[in-house]
Amino acid sequence: MKAIRLIHPGRPLEMREVIMPRPGRSEVLVRVKAVGICHSDAHYRAGKSRVHPLPLTLGHEVAGIVEEMGPGVNSVRAGDRVCLHYLATCGNCPYCQDGNEQFCTSGQMIGKYRDGGYAEFILIPERSVFRLPEEIPFEQGAIMMCSSATSLHALNRARLKLGESVAVFGTGGLGLSAIQLAKASGAGRVFAIDINSKKLKMAKQFGATPVNAGKVDVVRELKRLTDGRGVDVALELIGLPLTMGQAVRSLAINGRAALVGITEKTFEIAPYEEILNKEAEIIGVSDHLASELPLLIEWVRQGKLDLSRVITRRVPLEAEAINQVLDGLEKFGDEGRVVVRP
Ligand SMILES: [Zn+2]
Ligand SMILES: [Zn+2]
């Protein structure tokens, strides 16, 4: 079968003919119908994040049709529409048993530590396969398994309660999902913070109050908009020390800041004033959980999470086309989402 693979980090992906995998015990072979091209794929290709063993097929946002099942598979049948949790996990280690399978001791992310979805077929453990309702197109089923799932996990980690206010720092793919998911979860006011007025306009269409960080002092503005209280939940989705500090400083008493954006830099916070005196919390967020996916899928089915305007372009399963999209992501950041349609 055809697969688009990373052979050498720092070089373009290449098309290869590879042997079609066969499902073993509790494994499912899925015919790929759509796979999202993610910003992380650009990092993987560039060698900024480790990918192994090489060569490896990239692509971790996958939806398709069940082609074949290995022995012991009973939750899906051939022909079922499905979307894939991007972690292949063991199901037996203490983390998997606790439902924290993102820390599975032998867990492998598809498209990073085992072959992913830039291919005609993908092999995946049954426990990572979820039914995709007819109402959700394959391409939405693909992209919701990465950024939308992580946004939902961030809100869960922040223990968002009914009526609470939420500030979303960064209105890219993660942020637009986070705004809608916060609303669907029963949040009160939702504020969107960005410097890009085009993205803020989109955030406003989804019901958020835009705050342009290029024009106002974000912390002061969020305090003003909440009658001096601050926000109950702040999600930092950008990965900058500046916005991490703002997220914490904009918290109300008992507020929670969930940090999702990745950086290796440090940020400073005044412990007494910003954390102790408010009993505020800073919470780490890593990936998402399989147990969160059924609700996410249901909300997309019901239209509470609208992904129809997120996908801007489709490309065929060809190395050149995928490399061009990755070049664009490296140069311009995210300008909507591109999906491969094998
Ligand atoms: Zn992704
Ligand atoms: Zn495990």
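A.B. asks: Outline the nonpolar core, supporting the account with residue identities and numerical values.
C.D. replies: Counting residues in hydrophobic clusters, the biggest one holds 48 residues, and the most contacted among them are Met144, Ile179 and Leu235. When contributions to this core are tallied by element, the ones reaching two or more residues are α3 (138-157), β11 (166-169), α4 (173-184), β12 (190-194), α5 (197-205), β14 (231-236) and α9 (293-302). In this structure, Val35, Ile37, Met109 and Ile122 belong to the second largest nonpolar core, which totals 39 residues.

A.B. asks: Break down the pairing of β12 for me, citing the residues and quoting the values.
C.D. replies: Within β12, 5 of the 5 residues are buried, which leaves it mostly tucked inside the rest of the structure. Of the two faces of β12, both are covered, the one formed by Val190, Ala192 and Asp194 as well as the one formed by Phe191 and Ile193. As paired elements, β11 and β12 share 4 bridges and run parallel to each other. Its bridge partner being in β12, Val166 is matched across the sheet by Val190. Regarding the hand of the β-α-β motif, the stretch spanning β11, α4 and β12 is right-handed. In the classification by handedness, the crossover that spans β12, the intervening α5 and the parallel strand β13 (residues 209-212) is right-handed.

A.B. asks: An account of the coordination of the zinc ion (ligand 1) is requested, with residue identities and associated values reported.
C.D. replies: Ideal geometry at a metal gives 109.5 degrees between four tetrahedral donors and either 90 or 180 degrees between six octahedral ones. For the zinc ion (ligand 1), the full set of protein donor atoms is Cys38 (SG), His60 (NE2), Glu61 (OE) and Cys146 (SG), and the range of their distances to it is 2.1 to 2.3 Å. Geometry at the zinc ion (ligand 1) is tetrahedral, judged from its 4 donor atoms and the angles of 96 to 127° they form at the metal. Within one chain, the residues serving as donors to the zinc ion (ligand 1) are arranged as C-x21-H-E-x84-C. Of the two residues, Glu61 sits in strand β5 (residues 61-69) while Cys146 sits in helix α3, which places them 85 residues apart along the sequence.

Thresholds, definitions, all that
Residues numbered from 1 in each chain as written. Chains lettered and ligands numbered in written order. Predicted model: local features only at pLDDT ≥ 70, side-chain atom pairs only at ≥ 80, totals over all residues. Heavy atoms only, no water. Core = buried A, V, L, I, M, F, W, Y, C linked by side-chain atoms within 4.5 Å. Buried < 20%, exposed > 50% of the residue type's maximum accessible area, 1.4 Å probe, protein only. Helix = DSSP H or I, 4+ residues; strand = E, 2+ residues; numbered from the N terminus. Pairing = 2+ DSSP bridges. Right-handed = clockwise from strand over helix to strand, strands pointing away. Donors = N, O, S within 2.8 Å, 3.2 Å for Na, K, Ca; no water. Tetrahedral: all angles 85-135°; square planar, octahedral: opposite > 155°, others 65-115°.

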